[in-house]
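Fold and geometry: a report
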Amino acid sequence: MPKPSDLHDLNFASDVQISSDGHLVAFVVSKASGDRKTYESAIHLSRDGAADSQFTSGKGKDANPRFSHDGTLLTFTRSTWDSKAQLMLMPLAGGEALALTTLKSGVSGPRWSSDNQKIAFLSRGDWEDSSRADGLPRIITSLQYKKNELSGAGIMPSEPLQLWVYDLETAKLSAVTKHPADIEGFDWVDNERLVFTAAVNLETSATWATQAFLVRLGKKKAQQLTQWSGSMASIAVSPDGTRAAVIADPDFATRPGDPHIHTFKIEKNAALHRFS
């Protein structure tokens, strides 16, 4: 008869990604750690529907696998018990994983540019919550200061999430934005521009109103594209870079729970059109 302790022997698969040629599938396999006090995870690969094999190894949590468009490299994030998630790079032919970042706040959500030369991701840079270390109380300065613990946020950091880019050709890491509110989602438009969703500022973030912005590498000031009354999430750009799709809810602040796919042109004063 199954026992509650059997849960520790289960493996959980998540975050399935398919290579551009359709031959490889990467996904995360999580399981209880040896002391069963936390979870460990590794990236697994399967080729052409064959049985999967473990691709990454080591103690900690490997997550967010993303194939380069030419199918030669895999980027992912790796965290350990004493380190936040960092951006890693590994050839699909095999070899050692290379750490690309050492940001104190960690990284999340990596995405490749189409020329396979740049990887964009979200981070708070080297920000650390010093109040925890010195025992001082945290001073709250915005209406929106806490998220459900299921999201892993709890009390929200005071430093907003920003867009960062690692350039493989120059080995240069740089912050792309200096936005006053958390960037929630993003995608590449072309190899020099990204579109992202975020509140205009901390005040509007309290109403959950989200807008789309366009930013060019080397120009931290972003251009606002939309004037939307509700929320947006999960942005994705069309292959030709002219349009974007988002999950949007026009009445989230007053009547949440009715999101639909909307599309808009990547241009100033863009209007959202319901797609589904």
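Anything mentioned here points back to the structure above.
In this text the structure is predicted, and so the values were computed from the model without any measurement. (Residues numbered from 1 in each chain as written. Predicted model: local features only at pLDDT ≥ 70, side-chain atom pairs only at ≥ 80, totals over all residues. Heavy atoms only, no water.)

**As for the overall build of the protein chain**
Regarding its fold elements, the protein chain presents 2 helices and 22 strands. Here the C-alpha atoms of the protein chain give a radius of gyration of 20 Å, agreeing with the 19 Å that 2.2 N^0.38 yields for 276 residues. Counting only C-alpha atoms, the protein chain reaches 55 × 50 × 45 Å along its principal axes. Looking at the protein chain as a whole, 41% of its 276 residues qualify as buried. Across the protein chain, every contact between residues at least 6 apart in sequence was considered, and the portion connecting residues at least 24 apart equals 33%. Within the structure as shown, the protein chain displays about 15600 Å² of accessible surface, and the carbon and sulfur contribution to it stands at 53%. Charge centroids of the protein chain, computed over 30 positive and 32 negative side chains, lie 4 Å from each other. (Helix = DSSP H or I, 4+ residues; strand = E, 2+ residues; numbered from the N terminus. Rg over C-alpha atoms; globule rule 2.2 N^0.38 Å. Buried < 20%, exposed > 50% of the residue type's maximum accessible area, 1.4 Å probe, protein only. Contact = heavy atoms within 4.5 Å. Areas by Shrake-Rupley, 256 points an atom, 1.4 Å probe, with all protein chains shown as cover. Lys, Arg positive; Asp, Glu negative; His and termini not counted. Charge placed at Lys NZ, Arg CZ, Asp CG, Glu CD.)

**Some remarks on the pattern of salt bridges**
Working definition: two side chains of opposite charge can pair if their charged atoms are close together. Applying the stated criterion across every chain yields a total of 9 salt bridges. The network of salt bridges with shared partners includes Asp115, Lys118 and Glu192. (Salt bridge = Lys/Arg side-chain N within 4 Å of Asp/Glu carboxyl O.)

**Overview of the pairing of strand 20 (residues 243–249)**
Relative to strand 20, strand 19 (residues 231–237) runs antiparallel, the two sharing 5 bridges. Within strand 20, the residue paired with Ala233 across the bridge is Ile247. From the end of strand 19 to the start of strand 20, which pair antiparallel, there are 5 residues, and Gly241 there has a positive phi angle of about 75 degrees. Both strand 20 and strand 21 (residues 260–265) contribute to a ladder of 6 bridges, which runs antiparallel. Across the sheet, Arg243 pairs through a bridge with Lys265, a residue of strand 21. (Pairing = 2+ DSSP bridges.)

**Remarks on the packing of aromatic side chains**
In this structure the tally under the stated criterion is 2 aromatic pairs. Taking the centre distance of 6.3 Å and the plane angle of 75 degrees together, the rings of Phe12 and Tyr39 count as edge-to-face. Here Phe12 is found in strand 1 (residues 12–18), whereas its partner Tyr39 is found in strand 3 (residues 39–47), with 27 residues between them in sequence. Its relative accessible area of 38% is what places Phe12 among the partly exposed residues. Ring geometry for Phe196 and Phe213: centres 5.2 Å apart, planes at 15 degrees, overall stacked. With Phe196 in strand 16 (residues 193–198) and Phe213 in strand 17 (residues 211–216), this residue pair connects regions lying 17 residues apart in the sequence. The same class applies to Phe196 as to Phe213, namely buried. Arg111 extends its terminal NZ or CZ atom over the ring of Phe186, reaching a point 5.9 Å from the ring centre. (Phe/Tyr/Trp six-rings, centres within 6.5 Å; stacked < 30°, edge-to-face > 60°. Lys NZ or Arg CZ within 6 Å of the ring centre and 35° of its normal.)

**A word on the sheet that holds strand 20**
Spatial ordering of the open sheet is given by 19-20-21-22, a layout of 4 strands whose pairing is antiparallel. Every other strand in the sheet has two partners, leaving strand 19 and strand 22 (273–274) as the edge strands with one partner each.

**Things to note about the environment of Trp188**
Here Trp188 shows up in strand 15 (residues 183–188). In the structure, Trp188 is positioned 141 residues away from Arg47 in sequence and 27 Å away in space, judged by C-alpha atoms. Beyond its immediate stretch of four places on either side in the chain, Trp188 contacts Arg111, Trp112, Ser113, Lys118, Ile119, Ala120, Val165, Arg193, Leu194, Leu217 and Val237. Within the local environment of Trp188, its side chain forms a polar contact with the backbone oxygen of Arg111, the two atoms lying 3.1 Å apart. Of the polar contacts made by the side chain of Trp188, one reaches the backbone oxygen of Trp112; its length is 3.4 Å. (Polar contact = N/O pair within 3.5 Å; in protein donor to acceptor, adjacent residues only side chain to side chain.)

**With respect to the nonpolar core**
As a rule of thumb, nonpolar side chains are buried together in soluble globular proteins. Val195, Leu225, Met232, Val246, Phe264, Ile266 and Leu272 are the most contacted members of the largest nonpolar core, which has 16 residues in total. Secondary structure elements with two or more residues in this core: strand 17, strand 19 and strand 20. In this view, Phe264 contacts Ala212, Leu225, Thr226, Ile235, Thr242, Arg243, Ala244, Val246, Ala270, Ala271 and Leu272; residues no more than four positions away in its chain are not counted. Ranked by size, the runner-up nonpolar core spans 15 residues in total, among them Leu163, Val176, Ile183 and Phe196. (Core = buried A, V, L, I, M, F, W, Y, C linked by side-chain atoms within 4.5 Å.)

**Examining a nonpolar patch on the surface**
A surface patch of nonpolar side chains, amounting to about 390 Å² of accessible area, comprises Leu7, Leu10, Phe12 and Tyr39. Mapped onto the elements of the fold, Leu7 is located in the segment before strand 1. (Patch = residues over 30% accessible without salt bridge, like charges linked within 9 Å, V, L, I, M, F, W, Y side chains within 5 Å.)

**So, the pairing of strand 16**
Within strand 16, 5 of the 6 residues are buried, leaving the element largely enclosed by the surrounding structure. Here 5 bridges tie strand 15 to strand 16, and the two strands are oriented antiparallel to one another. Bridge pairing in strand 16 places Asp187 opposite Val195. What sits between the antiparallel neighbours strand 15 and strand 16 is a turn of 4 residues. Direction of pairing for strand 16 relative to strand 17: antiparallel, over a ladder of 6 bridges. In the sheet register, Val195 faces strand 17, and the bridge partner there is Leu214.

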